Amino acid sequence: MGETLTAMIELIDVHKSFGQLEVLKGVDLTVTKKEVVVVIGVSGSGKSTMLRCINGLEPIQKGKVLIEGEDLHGPHTDPNKIRQRIGMVFQSFNLFPHKNALQNVMMAPLKVQKKPKKEVEQIAHDLLIKVGLAEKADAYPDELSGGQQQRVAIARALAMQPDMMLFDEVTSALDPELVAEVLTVMQLLAEAGMTMVVVTHEMGFAREVGSRLIFMDGGVIVEEGDPREMIVNPKEPRTQKFLGMVL
Amino acid sequence: MGNLIEYYFNPEIFRESLWLLIKTLPIVFEVLVMGLVLSYAWGLLLALMRLSRVGVVNKVAGAYIDFFRGLPLLLLFIFIYYGLAIAGIKLSAIASGVLGLTLCYGAYSAEIFRAGIQAIPKGQMEAARSLGMTGSQAMLNVILPQAIKLVIPPLTNEFIAMIKDTSLMSVIAVPELLFTAKEKMGVTANPTPLTVAAIIYVVFTIPLIRVAARLETRRRKPRPPDRPATAGDISPEAEAQLHSADIAGQMPKGGYG
């Protein structure tokens, strides 16, 4: 089948500006199936923006974004359809506060995919079990800890049965003792073969789970490679400097 | 003292007017219910238009809102009932009243809805869109349910103002409270009917004022100290926006009942 060679995500010379400020200055990236690409870099390096460009939350000024071969900005593409295949988890969780955990997970399959309620409820329950929160199904977001909220957010994204997942600094807003529970869920997901792009500062996660490490600076990808190798032996001076600061 | 009672609380006239005025309440309710439903629906539509990214739609809604916020409601009533009649558009007094309320209060509530929608953190829309929802699905399922909860207190204040403004319809001969009281005052040459009308107004408005205040304090229930601030929290700027949108009512700034 040549399955492993399928490009899930392909960014070709992507440029993105906010007004005068150019945040992405020509990014090329190919993510293949089951890869876990970990993106690191200082804040302002463009890593979160790159992630948001992958599912079209941010319009781009130049270049191409291909999702499983489909041009996200193509004239006949419905970006809403493509986003259904891309799960995203945010730094600030963004759970829907007027819905409980189960309803948060159920909403998109119900409203977007129009699946029958019984089926969706089953899916949602299974996902909450998967993220270890079966007993919190009825809890509202403000009754959950940050780590629990983030795990519900992961379950919510998974409910659409996406082909790939984007994680945008998902542990940065968490108290240190809550980080592990979220990373564990992400690790399980990676082991189950999910294609993932993970923007993070967690170098441990990058080393243990990442299949590729990308270092961004100044709106471009400066260096990429095998995480275990690159962390110990970065080639580019900018990467060396950054890793020297965070390790 | 005896005169005072004779003028303003004349027992016999009081009794007569009370019955007479209570009989006008169905009409007042009719106008209010229609005015409430139509003006809130119109206001929500205007707010969505105001937030539209289509320049023309947005500008038209903005101009409408500014215009009707700036217009005295009394003038509007007179224009619709007497002014339009000259051009051959003859509306009943009640229809004119409902139309006037809808046009004017639609503009007021549009500002409230807009502030409510804008108070919902941006991340909510992004999360909804990232799940594949269209803009309108996200608005309907995620943004509006939260925004509406937020605007219930200011909309209640709006409604109190609307109750009071039904009295302006007396100039277009809607047989509501003030109109009927004034007529009775003319007949009896005694202002007691006005006293009765005043009492009836406050019997309805004061409980609502209390309700609005309670809703307001409940909404602003402070976040428990053990829960960290999340992106779902309403920002102080958004709070201020909501307050400044509350034009017709007087939202209690501090705690009330």
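Up top is the structure these notes are about.
Only a predicted model underlies this, so the values are computations on that prediction, with no experimental measurement involved.

**Student:** Describe the environment of serine 96 of chain B, listing the residues and the values that go with them.
**Tutor:** Residue and element names in this part refer to chain B. Among the structural elements, serine 96 can be located in helix α6 (residues 93–119). Residue classification places serine 96 among the buried positions, given a relative accessible area of 0%. C-alpha of serine 96 to C-alpha of glutamine 124: the two residues are 28 residues apart in sequence and 41 Å apart in space. From its side chain, serine 96 meets the backbone oxygen of serine 92 in a polar contact 2.8 Å long.

**Student:** Give me the lowdown on the sheet that holds strand β2 (residues 21–32) of chain A, citing residues and values where you can.
**Tutor:** Residue and element names in this part refer to chain A. Read across the open sheet, the 4 strands follow the order β2-β1-β4-β5; overall the sheet is antiparallel. Both edges of this open sheet fall to β2 and β5 (70–71), since each of them pairs with a single strand only. Judged from the 5 bridges that link them, strand β1 (residues 7–18) and strand β4 (residues 62–67) form a sheet pairing that is antiparallel. Bridge pairing in β4 links isoleucine 12 to lysine 64.

**Student:** How would you summarise the interface of chain B and chain A if you had to cite specific residues and measurements?
**Tutor:** Contacts between the two partners involve 20 residues from chain B and, on the opposite side, 25 residues from chain A. Interface of chain B and chain A: buried area, both sides summed, is about 1900 Å²; carbon and sulfur atoms make up 60% of it. Between glutamate 126 of chain B and arginine 52 of chain A there is a salt bridge, with its nearest N and O atoms 2.6 Å apart. Seen at the junction of chain B and chain A, the total is 6 residue pairs in polar contact (both at pLDDT 80 or more). Where the side of chain B that touches chain A is concerned, the elements lending two or more residues are α7 (122–130) and α8 (135–165) of chain B. Broken down by element, the residue count for the side of chain B that touches chain A peaks at 7 residues, all from α7 of chain B. Here the residues of the side of chain B that touches chain A are counted per class, giving 7 nonpolar, 9 polar and 4 charged.

**Student:** Describe the layout of surface pockets, naming the residues involved and giving the relevant values.
**Tutor:** Over the atoms rolls a probe the size of a water molecule, and its path tells where empty space is left. All names here are of chain B. Volume-wise, the second largest pocket comes out at about 820 Å³. Lining the second largest pocket we find 21 residues, and of these Arg53, Lys122, Met125, Arg129 and Met139 sit closest to its centre. Per-element tally for the lining of the second largest pocket: the top contributor is α7, with 4 residues. A per-class count over the lining of the second largest pocket returns 10 nonpolar, 4 polar and 7 charged.

**Student:** Please give an account of the pattern of salt bridges that cites residues and values.
**Tutor:** A full pass over the atoms with the stated rule returns 18 salt bridges over all chains. Put simply, lysine 47 of chain A and glutamate 169 of chain A hold a salt bridge, and the shortest N to O gap is 3.5 Å. Of the two residues, lysine 47 of chain A is situated in helix α1 (residues 47–54) and glutamate 169 of chain A in the loop between β7 (164–168) and α6 (176–191); the sequence distance between them amounts to 122 residues. The exposure classification of lysine 47 of chain A matches that of glutamate 169 of chain A, with both residues buried. Note that glutamate 111 of chain B is salt-bridged to arginine 114 of chain B, the shortest N-O span being 3.2 Å. Within this pair, glutamate 111 of chain B and its partner arginine 114 of chain B are both found in helix α6, separated by 3 residues, close to a single helical turn. The two residues glutamate 111 of chain B and arginine 114 of chain B agree in class, both being buried.

What counts and what doesn't
Residues numbered from 1 in each chain as written. Chains lettered and ligands numbered in written order. Predicted model: local features only at pLDDT ≥ 70, side-chain atom pairs only at ≥ 80, totals over all residues. Heavy atoms only, no water. Helix = DSSP H or I, 4+ residues; strand = E, 2+ residues; numbered from the N terminus. Buried < 20%, exposed > 50% of the residue type's maximum accessible area, 1.4 Å probe, protein only. Polar contact = N/O pair within 3.5 Å; in protein donor to acceptor, adjacent residues only side chain to side chain. Pairing = 2+ DSSP bridges. Contact = heavy atoms within 4.5 Å. Buried area = accessible area lost by both parts, 1.4 Å probe. Salt bridge = Lys/Arg side-chain N within 4 Å of Asp/Glu carboxyl O. Nonpolar A, V, L, I, M, F, W, Y, C, P; charged D, E, K, R; others polar. 1 Å grid on protein atoms, 1.4 Å probe; cavity = no way out; pocket = protein on both sides within 12 Å on 5 of 7 lines; lining within 4 Å. Points joined across faces, edges and corners; volume = space filled by probe spheres on them.

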